[in-house]
Amino acid sequence: MRIDVVTIFPEYLAPLELSLVGKARTSGLLDLRVHDLRTWTDDRHRTVDDTPFGGGAGMVMRPDVWGRALDDVLTPEAHLLVPSPAGAPFTQRTAETWATEQHLVLACGRYEGIDSRVVEHYAARTRVTEVSLGDYVLNGGEVAALVVVEAVARLLPGVVGNPASLVEESHGAAGLLEYPVYTKPPSWQGHDVPEVLLSGHHARIARWRRDEALRRTAARRPDLLEALDAGEWDRHDLEV
Ligand SMILES: N#Cc1c(-c2ccc3cc[nH]c3c2)n[nH]c1N
């Protein structure tokens, strides 16, 4: 998979040289290219923004600069992703879908955002999605680019050492939060690991883990349970 990120702060994406994503780049599983938007400016001051039509505070990113950048970076198979507080929520399902794509391009805005004609222009010739991390306000799209790249890259075959570890995660196939995890020592600061996990009884362990996933999800994210088919589980499963 190829992912291009266009930003005025390329150094913001430096963490993607580390850990699993960094290894995926080195191994060739992920072709990640980070571009400085100012490469496509046309003045000595390398200007990327201007005042908003209609007035108001802040600056807007110029369409001409973005147009030259995206004309260079986009390919026929590309899916253009534009982080925005007004975008569609980014979820694990989104990551799973985008992990099957050949080419993602992330256009990271700053200031008050990118001139809206850029999305309008490219939506007429390629797939464009405005995407949001959640209902809070950031200063630009780079954090979203970090999140999207990591969430997608880790799903690519060969990136995560043990694919089984992708199965029982929060927001995984079952749509539940993940169960609590423990390691040695069996007792720490007076806190003991649940006995069932030391039993070696795999069926009981599996049941305990599912019960805990249901309990946590009911307590912290009841909205996720509403999305589940009522027939998949019985609320009495949660009764102590
Ligand atoms: N994704 C996302 C965002 C943003 C965001 C994205 C791009 C820009 C460009 C200027 N300000 C931005 C905020 N805020 N909150 C989110 N969930």
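All of these numbers come straight from a predicted model, not from anything done at the bench. (Residues numbered from 1 in each chain as written. Predicted model: local features only at pLDDT ≥ 70, side-chain atom pairs only at ≥ 80, totals over all residues. Heavy atoms only, no water.)

Caption draft 1: Inspection of the nonpolar core at higher detail. Counting 26 residues, the largest nonpolar core has Ile3, Val5, Leu30, Trp98, Leu106 and Val149 as its most contacted members. Counting residues per element, the ones that place at least two in this core are strand S1 (2-7), helix H1 (19-27), helix H3 (92-98), strand S6 (103-107) and helix H5 (142-153). If you tally residues by element for this core, the top one is H5, at seven residues. Once residues lying within four places of it in the same chain are set aside, the contact partners of Leu30 are Met1, Ile3, Val21, Ala24, Arg25, Val149, Ala153 and Leu156. (Core = buried A, V, L, I, M, F, W, Y, C linked by side-chain atoms within 4.5 Å. Buried < 20%, exposed > 50% of the residue type's maximum accessible area, 1.4 Å probe, protein only. Helix = DSSP H or I, 4+ residues; strand = E, 2+ residues; numbered from the N terminus. Contact = heavy atoms within 4.5 Å.)

Caption draft 2: Structural context of helix H2 (residues 63-73). Taken as a whole, H2 has its buried residues at Val65, Trp66, Gly67, Ala69, Leu70 and Val73. Contacts from the buried residues of H2 go to S1, strand S2 (31-36), strand S4 (60-61), strand S5 (78-89), S6 and helix H4 (116-123).

Caption draft 3: Highlighting the site of the ligand. Near the ligand lie 17 residues; those nearest to it are Ser132, Leu133, Gly134, Tyr136 and Leu138. Within the backbone of Leu133, an N or O atom sits 3.2 Å from a nitrogen atom of the ligand. The contact in question runs from a nitrogen atom of the ligand to an N or O atom on the backbone of Leu138, over 3.0 Å. For the ligand, whose accessible area on its own is 390 Å², the fraction buried by protein is 95%. When contributions to the shell around the ligand are tallied by element, the ones reaching two or more residues are S5 and strand S7 (127-132). Ranked by the residues each element gives to the shell around the ligand, the list is headed by S5, at three residues. Considering only residue class, the shell around the ligand consists of nine nonpolar, seven polar and one charged. (Near = heavy atom within 4 Å. Polar contact = N/O pair within 3.5 Å; in protein donor to acceptor, adjacent residues only side chain to side chain. Areas by Shrake-Rupley, 256 points an atom, 1.4 Å probe, with all protein chains shown as cover. Nonpolar A, V, L, I, M, F, W, Y, C, P; charged D, E, K, R; others polar.)

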